[in-house]
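Coordinate analysis (summary)
Listed here are the chains, written in short residue letters.
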Protein chains: 2
Amino acid sequence: MSDSPIDTPILDLIANPDDDALRAALNDVHPFDVAQAVEELENAEIWAFLRRLGDPLNADVFSHLDLDHQAELVQEHAPEETAPLLERMAPDDRVDVLQAIDDELRERILARMTVSQRRVTERLAGYEEGTAGGVMSPEFAALPADLTVAEAIGLLRLQAPRKETIYDIFVIDDASRLIGVVGLKDLILASPKDRISEIMRAEVISIRADEDRNEAARKIREYDLLTLPVVQGDNRLVGLVTVDDVLDVTEEEATTDFHRMASVGNIQTDLLGASMSLLYRKRIPWLLVLVLMNVFSGAGIAYFEDTIAAAVALVFFLPLLIDSGGNAGSQSATLVVRSLATGETVLRDWLRLLRREVLIAGALGLTMGLAVSMLGFLRAGPDIALVVAVTMVLVVIVGSLIGMSLPFILTRLKMDPATASAPLVTSLADICGVLIYFSIATWWLGLQAA
Amino acid sequence: MSDSPIDTPILDLIANPDDDALRAALNDVHPFDVAQAVEELENAEIWAFLRRLGDPLNADVFSHLDLDHQAELVQEHAPEETAPLLERMAPDDRVDVLQAIDDELRERILARMTVSQRRVTERLAGYEEGTAGGVMSPEFAALPADLTVAEAIGLLRLQAPRKETIYDIFVIDDASRLIGVVGLKDLILASPKDRISEIMRAEVISIRADEDRNEAARKIREYDLLTLPVVQGDNRLVGLVTVDDVLDVTEEEATTDFHRMASVGNIQTDLLGASMSLLYRKRIPWLLVLVLMNVFSGAGIAYFEDTIAAAVALVFFLPLLIDSGGNAGSQSATLVVRSLATGETVLRDWLRLLRREVLIAGALGLTMGLAVSMLGFLRAGPDIALVVAVTMVLVVIVGSLIGMSLPFILTRLKMDPATASAPLVTSLADICGVLIYFSIATWWLGLQAA
C-alpha cells in the first residue's frame, strides 16, 4: 500500500513480538531505510524499538536519524541508557548529538563513557564548528614507513574493524607527523616484500584542523580524494575528513546559501517536518527589515509628490522600472555569492568584476530601455518614453553595481555574503530607482513645461 | 611572487627546455594543480606543453582542464593526435568531451580509436544526459561468487590497474546480473579460503541506468556509499557511479538551481573566466520577460487612475506593498525549490504544504500589516492605514501561495522547478498586489466619500 517497498515490512516487524526474528530480518536492510521508517513514529515508540534491536544494530539505526530526533531522544532518557548507545556511534556524529543537548546532561553522559572515548569526544568537541576539525573523524589508519607491505596488511587487519576507512592509509613518523599516504589498492598491487616507504606517495594533500570545512570540501572535490588527512601544529596527523562527510557539507552549505539569498533563515530539517512556528520565525525578521527599508522608497515618492500629481502616467512605469533594477541586481548578487562560495572568486577580484559589470549592465540596460521606450511611446507619448528609457539604463546599472558590491562588502565585514539576499538588493535598488526616475522626470518634464 | 606556491614553479618549468626534468618535477604535483596553472596560458601553449609531457601525464592533466578548454583543444588539433589522448581518459570524461565537439570531428576521432574503446564510448554516449547512465563509468571490478577470497584478490591484482575503483567489488552471475557486493576491506579481513558467496552482501543498493543522476547522488549520500552499481534490464550490471562523480553533480546542480532562482541562465565556468557576451546572453532573456510581465502591473495601475488621482498618498505605499508580497513569495518558492531538489518533498505533498502555507503566510501578513498600519497612520491617517494593513495581509498570503505553487506546477509540467525564480514570483505577486491594493482602496475610500 505504501510507496516505498521497505516501509511497510519494517513497521510490521515492530509489531512482531519476536526480537530475534526482528533482528534477523533487519540485518539485511540498510540502517538508513530502517531509520527512515521509524522516523514517522512517536519518540517513545522509536526508543522502544531501539531497545529491542540491541547492539550493534541500534547504534547504526540511531546514527541515521535526524539530528533533531537524536537530541530529543537523548534528552528524554537516562544517561545510563544513552551513554553506551552514543559510545557506539562514530565520534564525529556523537559530538554533533552531544552539542545539541543541555550542558548538564552532556556532562553526565560523558562521565559514563570510558576514559578513552570521553577524551576523544572532548577533543573533537574542542574544534570550532565550521572547521575541518569540526567534521573530521579521529579513526584513521596510520602506519610507520619502515614496515613491509605484508606487515602493513597484517596490521591493517587488526585495525580495520575500528577504523572509519582503510582505503587511504596514512604514513607517519615517530612524532606522528604525516609523511606519506598509500592507497589500499597500491598495497594490494605491491609485492609483499616492498617497504611502505618505497610505495607511498610523499606529496600528501592535507588540511589544517582550523581551516574552513568548505576548503576541505573543495580539496576533496578538486583532487578527487576519498579521504583528506587533517593536521595540526607541526604537521601532526589528528584526523581525517571522508568524502561522505563532504557530501553532507556541500549539500548543507548549498542549502544555507540558497535560503539566505531569499532571506529565509537557514532551515535544515525538511519542509514538511519543520514546525509552523519555526518557519514563521525564520521568515519574519527579514520581511520586517525589508518593510522598513521600503519606507525609504515611499519617502522618495512623497518628496516628488508634485511631479506625480502633474503626470500620473509616470506611476504606470514605476513597478516596471524599480523591479528591473532589482532583478538585474539580484542576478549580479547571485552570480557573485555563488562564485565566492565555491572559491572561484576572492575579495581582491572586486575591482576587475566591477569594471566588467558596468559594461554588461550597460548593455542589459540599453536593451531593456529600448524595449520599454516603445511601450512608453505608445502609452504616454515621446517625453515620458524618453524619461522611462533613460531611467531604465541607469536603474539597471545602479542595481547591478549594488548587487555585485554588496556580497564583497559583507565578506569584507566578515559576514556571510549570502545574506546579500536578492530581496535586500531589490529594496536598495528600489530606493535608487525611485530617486533616479522622478529626478529625471522632474527635470525633463519641467524643462519641457518651461 | 604568485599567491599559490605551485603556480610559479610550474609555469617556470614550462620555460625549461629539458623535457625529462619537466616530467620528473611534475610527477609529484597533483594533475589538478598542473591543469590550474596551465589554464592561464593560450591554447597553443597548453597544447605544446601537453606534447612535451607525453604519456601518461598528459591525459591526467588534460582530464583536469575545464570542459570548455578541452573541447577547444580537441577542435583545434588533428584526430591523429587527439584520439590517443582521449583514449587514455576515463570513459565518462571522454564522452563529455566528445559530446562538446562537432559531429563530424567526433566521427573522425572515434574512427581512430581501438574497437573496444570505440564501443565503450558509443555505448556510454547513448545514455541520456542527466541520467545515472550519463555519469557512470564502465570500469567496474566484478567477480563470480564461487571464487575463494585468495583467488579473488589474485584476480583483482590483474584487474586493478584498469579499474576506476576496486574498493567495492561487485559479484555477478553467469548472465552478468548483479547478485552481491564485497568491500575490499571485507576481503582483507576475511580468511583466504572463504568463498566470495559467503562474505558478500546480497542486498545491494543499485540504480537503473535511465534514472535521474540526482537520484544516484541522493542514494550515495544517504546510504554513505563509495560506489553505486548501475544496472539495466534484467538487473544486468553495466557500470558504476562513484562518490566523486556525485560530488561534482551535487555542486553543479546546486549552482544550477541557484542561478535559475535568480533568473540567470546556468553559468558553469567561473565568473571572471566567463566572457562578457556569455554573461549578457545568460541574463537578458529573463530580464526582458520580466519587463513584459511588469507591463501588466502598469496596466493595473492605469485602470485605477482615478483612485490614484484622488489620493496620491496611496502611491507612497505601492513599493512597500508589492515588494512585501514578492518577498514572502520568493521565500516560499526558495524553500519549495530546494526541498524538491533534495528529494525531501514530492509532487503529492503540494496540498499539505499549501494548507500550512496559508496559516504561516497569514501570520506573517498580520505581523507585517501591524507594522505598516502604524506607519500608514502617521503618514496618511486612519483610512489609508486600514487599507494598507488589510492589503498587506492579503498580498503576503497571495504572494506566498504563488511562490509555493509555481515550483509544483512547473514540476508537473516536467519543467525545472528552479525556473520558478524569485523575480518571476515577484512579478506575478506585483500584479496581484496592484489589483488588490487599489481595489480595496477604491472600495473603502469610495465608501467613505459617499
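Residues numbered from 1 in each chain as written. Chains lettered and ligands numbered in written order. Predicted model: local features only at pLDDT ≥ 70, side-chain atom pairs only at ≥ 80, totals over all residues. Heavy atoms only, no water.

Notes on the overall build of chain A
Helices and strands together make up the secondary structure of chain A, namely 22 helices and 6 strands. At 30 Å, chain A has a C-alpha radius of gyration far larger than the 22 Å of a compact globule built from 450 residues. Taken over the C-alpha atoms alone, chain A extends approximately 95 × 55 × 45 Å along its principal axes. Relative to its full complement of 450 residues, chain A shows a buried share of 55%. Nonlocal contacts in chain A, meaning residues at least 24 apart in sequence, comprise 65% of its contacts between residues at least 6 apart. Approximately 19,100 Å² of chain A is accessible, and the part contributed by carbon and sulfur atoms is 56%. (Helix = DSSP H or I, 4+ residues; strand = E, 2+ residues; numbered from the N terminus. Rg over C-alpha atoms; globule rule 2.2 N^0.38 Å. Buried < 20%, exposed > 50% of the residue type's maximum accessible area, 1.4 Å probe, protein only. Contact = heavy atoms within 4.5 Å. Areas by Shrake-Rupley, 256 points an atom, 1.4 Å probe, with all protein chains shown as cover.)

So, the side chain of E211(A)
All names here are of chain A. Take E211: it is sitting in the loop between strand 4 (207–208) and helix 15 (213–222). Within polar-contact distance, the side chain of E211 engages the backbone nitrogen of R208 at 2.9 Å. Excluding its chain neighbours within four sequence positions, the residues that come into contact with E211 are G130, T131 and A132. (Polar contact = N/O pair within 3.5 Å; in protein donor to acceptor, adjacent residues only side chain to side chain.)

With respect to the side chain of E39(A)
The topology assignment puts E39(A) in the loop between helix 3 (31–38) and helix 4 (43–53). Despite its burial, E39(A) remains without a salt bridge, the nearest opposite charge being carried by R218(B) at 12 Å. Side-chain polar atoms of E39(A) contact the side chain of H69(A), separated by 2.7 Å. With residues near it in sequence (within four places) discarded, E39(A) still touches I46(A), H64(A), L65(A), D66(A) and H69(A). (Lys, Arg positive; Asp, Glu negative; His and termini not counted. Salt bridge = Lys/Arg side-chain N within 4 Å of Asp/Glu carboxyl O.)

A word on the sheet that holds strand 4 (residues 207–208) of chain B
Two orientations exist for strands paired in a sheet by backbone hydrogen bonds: parallel and antiparallel. All names here are of chain B. Reading across the sheet, the 3 strands line up as 4-5-6 and stay open at both edges, with mixed pairing between neighbours. Each having just a single partner strand, strand 4 and strand 6 (236–242) make up the two edges of the open sheet. As judged from the 2 bridges shared by strand 4 and strand 5 (residues 227–232), these two strands associate in the parallel manner. The residue of strand 5 that forms the bridge with R208 is V231. (Pairing = 2+ DSSP bridges.)

Some details on the interface of chain A and chain B
The parts lose accessible area when they come together, and the size of an interface is often stated as this lost area. The interface is formed by 114 residues belonging to chain A together with 114 residues belonging to chain B. At the boundary of chain A with chain B, total buried surface from both sides reaches about 10,600 Å², with 69% on carbon and sulfur atoms. When residues of chain A are sorted by the area they lose upon contact with chain B, F258(A), L272(A) and R283(A) head the list and together hold 8% of the total. Viewed at the interface, chain B and chain A are joined by 2 salt bridges. The shortest N-O distance in the salt bridge between E357(B) and R283(A) comes to 3.0 Å. (Buried area = accessible area lost by both parts, 1.4 Å probe.)

Focus on the packing of helix 16 (residues 243–261) of chain A against helix 20 (residues 318–341) of chain A
All names here are of chain A. Here helix 16 crosses helix 20 at 155°, and the two axes come no closer than 11 Å. Classified by the interaxial angle, the pair formed by helix 16 and helix 20 is roughly antiparallel. Remark: the crossing between helix 16 and helix 20 carries right-handed chirality. Taken together, the residues of helix 20 that come into contact with helix 16 (itself represented by A254, D257 and M261) are A333, T334, V337, R338 and A341. Of the residues belonging to the contact of helix 16 with helix 20, the class tally is 5 nonpolar, 1 polar and 2 charged. (Axes fitted to C-alpha atoms, helices over the stretch in contact; angles between N-to-C directions. Parallel < 35°, antiparallel > 145°, perpendicular 65-115°, else oblique. Left-handed = near helix turned anticlockwise from the far one by under 90°. Nonpolar A, V, L, I, M, F, W, Y, C, P; charged D, E, K, R; others polar.)

A closer look at the relation of the copies chain A and chain B
Mapping chain A onto chain B leaves a residual RMSD of 0.2 Å; the transformation is a rotation of 180° accompanied by 0.0 Å of translation along its axis. Classification of the inter-copy transformation places it as that of a two-fold axis. Taken together, the interface assignments show that 100% of the residues at the interface of chain A recur at the interface of chain B, consistent with an identical surface on both copies. (Least-squares fit on C-alpha atoms with pLDDT ≥ 70 in both.)

Concerning the pattern of salt bridges
Where charged atoms of side chains with opposite charge meet at close range, the side chains can pair. For the coordinates displayed, the defined rule picks out 28 salt bridges over all chains. Here D103(B) makes a salt bridge to R106(B), at a shortest N to O gap of 2.5 Å. Taken together, the residues D103(B) and R106(B), both in helix 9 (residues 103–111) and 3 residues apart, mark about one turn of the helix. Here D103(B) falls in the exposed class, since its relative accessible area comes to 54%. Judged by its relative accessible area of 18%, R106(B) falls in the buried class. In this structure, the salt-bridge partner of E104(B) is R108(B), at a minimum N-O distance of 3.9 Å. Here E104(B) and its partner R108(B) are both found in helix 9, 4 residues apart, which amounts to about one turn of the helix. A relative accessible area of 41% places R108(B) in the partly exposed class. In the salt-bridge network here, residues are joined through shared partners; they are D173(A), R177(A) and D234(A).

Here we look at the packing of aromatic side chains
Applying the stated criterion across every chain yields a total of 11 aromatic pairs over all chains. Between W443(B) and W444(B), the ring centres sit 6.1 Å apart and the planes meet at 55°, which makes this aromatic pair tilted. On the basis of relative accessible area, W444(B) is assigned to the partly exposed category, the value being 21%. Taken together, the ring pairs connect Y303(A), F304(A), Y437(A) and F438(A) into an aromatic cluster. (Phe/Tyr/Trp six-rings, centres within 6.5 Å; stacked < 30°, edge-to-face > 60°.)

Some words on the nonpolar core
Within the largest apolar cluster, 104 residues are counted, with the highest numbers of intra-cluster contacts made by L318(A), Y437(A), F438(A), L318(B), Y437(B) and F438(B). Look past the residues within four positions of F438(B) in its chain and what remains in contact with it is I301(B), F304(B), T307(B), I308(B), L314(B) and L318(B). Counting residues in each nonpolar core, the second largest holds 44 residues, with V135(A), L225(A), V135(B) and V246(B) among its members. (Core = buried A, V, L, I, M, F, W, Y, C linked by side-chain atoms within 4.5 Å.)

Quick word on the domain arrangement of chain A
Split by domain assignment, chain A resolves into domain 1 (7–129), domain 2 (142–242) and domain 3 (276–449). The distance between the C-alpha centroids of domain 2 of chain A and domain 3 of chain A comes to 52 Å. (Domains from an automatic or database assignment.)

Examining the packing of helix 20 of chain A against helix 17 (residues 276–303) of chain B
In the contact formed by helix 20 of chain A and helix 17 of chain B, the axes pass within 9 Å of each other and the chain directions differ by 150°. Classified by the angle their axes make, helix 20 of chain A and helix 17 of chain B are roughly antiparallel. Between helix 20 of chain A and helix 17 of chain B lies a crossing of right-handed hand. Judged by residue contacts, P319(A), L320(A), D323(A), S324(A), N327(A), A328(A), Q331(A), S332(A) and L335(A) of helix 20 of chain A engage L279(B), R283(B), L287(B), L290(B), V291(B), N294(B), V295(B), S297(B) and I301(B) from helix 17 of chain B. Of the residues assigned to the contact of helix 20 of chain A with helix 17 of chain B, the class counts are 10 nonpolar, 6 polar and 2 charged.

Comments concerning the environment of L394(B)
Inspection of the secondary structure assignment puts L394(B) in helix 21 (residues 350–412). Sequence separation between L394(B) and G365(B) is 29 residues; the distance between their C-alpha atoms is 7.2 Å.

Looking at the environment of P319(A)
Its location among the elements puts P319(A) in helix 20. Take P319(A): its relative accessible area is 1%, and that puts it in the buried class. Ignoring anything within four residues of it in the chain, the contact list for P319(A) reads N294(B), S297(B), I301(B) and I322(B).

As for the sheet that holds strand 3 (residues 178–183) of chain A
All names here are of chain A. Read from one edge of the open sheet, 3 strands run 1-2-3, paired in mixed fashion. With partners counted over all chains shown, the strands left at the sheet margins are strand 1 (142–144) and strand 3, one partner each. The sheet shows a mean angle of 35° between the axes of neighbouring strands, direction not considered.

Let's talk about unusual backbone geometry
Cis geometry is found at the peptide bond from D55(A) to P56(A), where omega equals -20°. As for its position among the elements, P56(A) is in the loop between helix 4 and helix 5 (57–63). At S176(B), a position not held by glycine, the phi torsion is positive, near 65°. Positive phi, close to 50°, is recorded for D224(B), a residue that is not glycine. The class for D224(B) is partly exposed, based on a relative accessible area of 38%.

What about helix 12 (residues 149–159) of chain A?
Among all positions of helix 12 of chain A, only V149(A), A152(A), L156(A) and Q159(A) are buried. The arc enclosing the buried residues of helix 12 of chain A, seen along the axis, measures out at 80°, which places them on a common side. (Arc of directions from axis to C-beta.)

Observations concerning the pairing of strand 6 of chain B
Residue and element names in this part refer to chain B. Buried residues dominate strand 6, accounting for 6 of its 7 residues. Alignment of strand 5 against strand 6, held across 6 bridges, turns out to be antiparallel. Paired with T227 across the strands is T242, a residue of strand 6. As consecutive antiparallel partners, strand 5 and strand 6 are separated by 3 residues, and within that stretch G233 has a phi angle of approximately 50°, a positive value.

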